[in-house]
Amino acid sequence: MRGLRGTAFDLFDYNHGCRSERGAIDWYANVLSNSARLLRPENADSVAELLCLPENIRGYKELKLTSLDRAKTRAVELLQTI
């Protein structure tokens, strides 16, 4: 069944958790590109904290979604201060 993952026949692909996890990958790619563009010696600590946010996204199902929301909120706060 592993060969069906990510295809049109993946029944679990439509649940909110899977869609959020795939969206998190795109979100973090945007964070990386913004961080590289905004990096300066005076804001290196904030950018480092921004890049470490995914380390805190852990858990299973709702716990993971909650920590993802917290990481996104903290990323917005950090990007505003940079």
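Note: the structure precedes this text.
This write-up is about the structure you can find in this document. (Residues numbered from 1 in each chain as written. Predicted model: local features only at pLDDT ≥ 70, side-chain atom pairs only at ≥ 80, totals over all residues. Heavy atoms only, no water.)

This part covers the nonpolar core. Soluble globular proteins: nonpolar side chains tend toward being buried together. Counting residues in hydrophobic clusters, the biggest one holds 10 residues: Ala 24, Trp 27, Val 31, Leu 50, Leu 53, Ile 57, Leu 68, Ala 71, Ala 75 and Leu 78. Looking at this core, the elements that each hand over two or more residues are helix H1 (16-38) and helix H3 (62-81). The element best represented in this core is H3, accounting for 4 residues. (Core = buried A, V, L, I, M, F, W, Y, C linked by side-chain atoms within 4.5 Å. Buried < 20%, exposed > 50% of the residue type's maximum accessible area, 1.4 Å probe, protein only. Helix = DSSP H or I, 4+ residues; strand = E, 2+ residues; numbered from the N terminus.)

For the rest of this paragraph, the subject is a nonpolar patch on the surface. Taken together, Met 1, Leu 4 and Phe 9 make up a surface patch of nonpolar side chains, about 400 Å² in accessible area. In this fold, Met 1 is placed in the segment before H1. Classification of Met 1 by relative accessible area gives exposed; the value is 82%. (Patch = residues over 30% accessible without salt bridge, like charges linked within 9 Å, V, L, I, M, F, W, Y side chains within 5 Å. Areas by Shrake-Rupley, 256 points an atom, 1.4 Å probe, with all protein chains shown as cover. Salt bridge = Lys/Arg side-chain N within 4 Å of Asp/Glu carboxyl O.)

Taking 1.5 Å per residue as the helical rise, H1 with its 23 residues ought to reach 33 Å, and the 32 Å between its terminal C-alpha atoms agrees with that figure. Of the residues making up H1, those classed as buried are Ser 20, Ala 24, Trp 27, Val 31 and Ser 35. (Expected span 1.5 Å × (residues − 1).)

Keep in mind these numbers describe shape, not what the thing actually does.
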